[in-house]
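Residue-level listing of the chains:
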Amino acid sequence: MGACLLLACGACAPADKKGEEMEQPKITPLTERQNVSRALGGTDALGREISPAGETNGKLVGIFYVLWLGNDYSDEGTPYFDGIYDMSKMDFNEIYSGSGSPFLKMHFYGEPLFGYNNMRDAWGVERHVQMFIAAGVDFLGIDATNNNIYKGPLAVLLEILDFYRQAGYKVPKIMFLTNTNSHERVQQLYDFMYKEERYKELWFCDTDEGRNPDGKPWLTMRSEQKVYLPRAVRDTFYFRDSQWPNEPFKENGFPWIEFTRPQPVHNGVISVSVAQNSGMHMSDSVQFENSPNGIDYYNKNWGRGYTDEGKNSKDRVDEGANFQEQWDVAMRSDARIVFLLEWNEWSALKLATTVEGIGNTVVFFDCATPEFSRDIEPIKGYYGDNFYMQMIRNMRAFRGESGSGIKVQEKTISRERVDEGWNTVTSGVADFAGRKTRDFINSDGSASYQNTSKRNDIVEIRAAQDSENIYILLTAAEEITRADGQNWMNVWLNVGGGQGYDFVINRSRGENRANVERLTGESAQTVGEAAYAVSGKTIQFTLPRSLLGDITSLQLKATDNVDLLADIMALYTTGDSAPYGRLNYCFEL
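Residues numbered from 1 in each chain as written. Predicted model: local features only at pLDDT ≥ 70, side-chain atom pairs only at ≥ 80, totals over all residues. Heavy atoms only, no water.

## A few points about the pairing of strand 22 (residues 458–465)
Burial within strand 22 is extensive, with 8 of its 8 residues counted as buried. With 2 bridges connecting them, strand 18 (residues 409–410) and strand 22 associate as parallel partners. Note on strand 22: the bridge partner recorded for Q409 is A464. Across 3 bridges, strand 19 (residues 428–430) lies against strand 22 in antiparallel orientation. Its bridge partner being in strand 22, V429 is matched across the sheet by I461. Pairing between strand 22 and strand 23 (residues 469–476): 7 bridges, direction antiparallel. If you follow Q465 over to strand 23, its bridge partner there is I470. (Buried < 20%, exposed > 50% of the residue type's maximum accessible area, 1.4 Å probe, protein only. Helix = DSSP H or I, 4+ residues; strand = E, 2+ residues; numbered from the N terminus. Pairing = 2+ DSSP bridges.)

Shown next, in the form of structure tokens:
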């Protein structure tokens, strides 16, 4: 039996309700699901602001997505994920000696926010998809460049994407990148998915400025291997050439990373990567940072803090200086499609090979430390969710999107009870409904991740206003649990911009009244009350405008069973947050 990692759920009894014998109002759910990114904004940990999305200029953004975590094997069937080797928690000599950690096993450069997860864990994949929808990612370029298409994790991803598509959300489309034995991978993908037109609504079929007039699904492969494909397979796809960074430039190539600066455009497609292993082995910049022979190994690879000044800077890792320069090049170019590297690689095999000036030594090709790695997915500690927030900010700039959020309707609502007057209010957002619990093995099967902290799954937020009050209605997927402690059904408000929140509602409460606290630094002071009413799946707050001052807009987040003042990253891992993670819903008053 593996170890068990557990987040416990609070009390889950039905909420106390005044007048429970009264018939519950029938509140018709919002049907709009395409406005999520247009409602979302916020500020990252470094103070960089993200405005809500708006009208787009038609440009597209895709991201390289990896399925191998917990599911990669040698040609002989030996698992590469066999033991959790996290180099950020290991002794240097254990990593870089032949007698230390084992060769031909995957080593993590740090711990992902969701743990050393297995890509068959639907709980984690679902959160990826929610983050992509929130960001407005247009397509996923799924990694099939090695000798595997990872059918198990792929099936999980497709099922979750299709669930949210059928719910009405704008989900990323999918394409595949192949390279090693490219024709074999293409045949496998054709048999698995395209032959019977499985998940056709998810295929990425952009016309590529007329180069793909029939709107066939995109796929990359080695062009010289197309001759090995049956005609039926060749005719199914629109092919872009597999473009490796150490190969000559291909006009029709599809680049996943570039080892040249500034990065070139391939028929409208440009690579934007977090960091680049331009020296081939990322580990050289770590193992030989203090060079034994005068060769500048540290700057041979371009880490997260690298700039065009020609050197890495540890002080600029957290801000993503390299990533930003890549984005800036893309925005100055004539590219129509940005392809991002990458979301979730996290690990590399421990190998041995010859390094110039050193001889035979331990190497890790694609990642080695949080500085010399390429993932956007949030990490535990270090730079947290900085790269995810930076990605969103730049995506909106690249696509020319600039919005102001949702205009709050004028409507007076009864403060004493939830009533059907809310059915005429459409100023709101349908938030994600998702899995309530997690129970799945980690990447090597040595532990089980369990999470039962979600009590109330908040699936909708609406706001209305009149001259005296702002009214907020939260709807949960099931009947709201009984009031329980300070983290029960909270509403957080940012009214002045910048990081954090200015007010929180309902961390303490009395009979039908929730206290409103002003947050200043690490202190909180009660400044008034908001009437609240609970009915079945809904809870309503009536907030006096006088408590907020003279404001014309606000950012709002609803949470349940989340102590975000203790750790804001708990918004991704504990209880329920609407919207998910650090972002907020933006409303104009």
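## Let's talk about the side chain of T559
One can find T559 in strand 29 (residues 553–560). A polar contact is formed between the side chain of T559 and the side chain of W492, at a distance of 2.9 Å. (Polar contact = N/O pair within 3.5 Å; in protein donor to acceptor, adjacent residues only side chain to side chain.)

## Digging into the nonpolar core
Counting 157 residues, the largest nonpolar core has L140, L340, I376, Y388 and M391 as its most contacted members. Looking at this core, the element that brings in the most residues is helix 3 (residues 122–135), giving 9 residues. Dropping the residues within four chain positions of it, I376 is found in contact with I63, V274, F323, L340, E342, W343, F387, Y388 and M391. By size, the runner-up hydrophobic cluster in this structure holds 9 residues, among which are I27, I413, W422 and Y471. (Core = buried A, V, L, I, M, F, W, Y, C linked by side-chain atoms within 4.5 Å. Contact = heavy atoms within 4.5 Å.)

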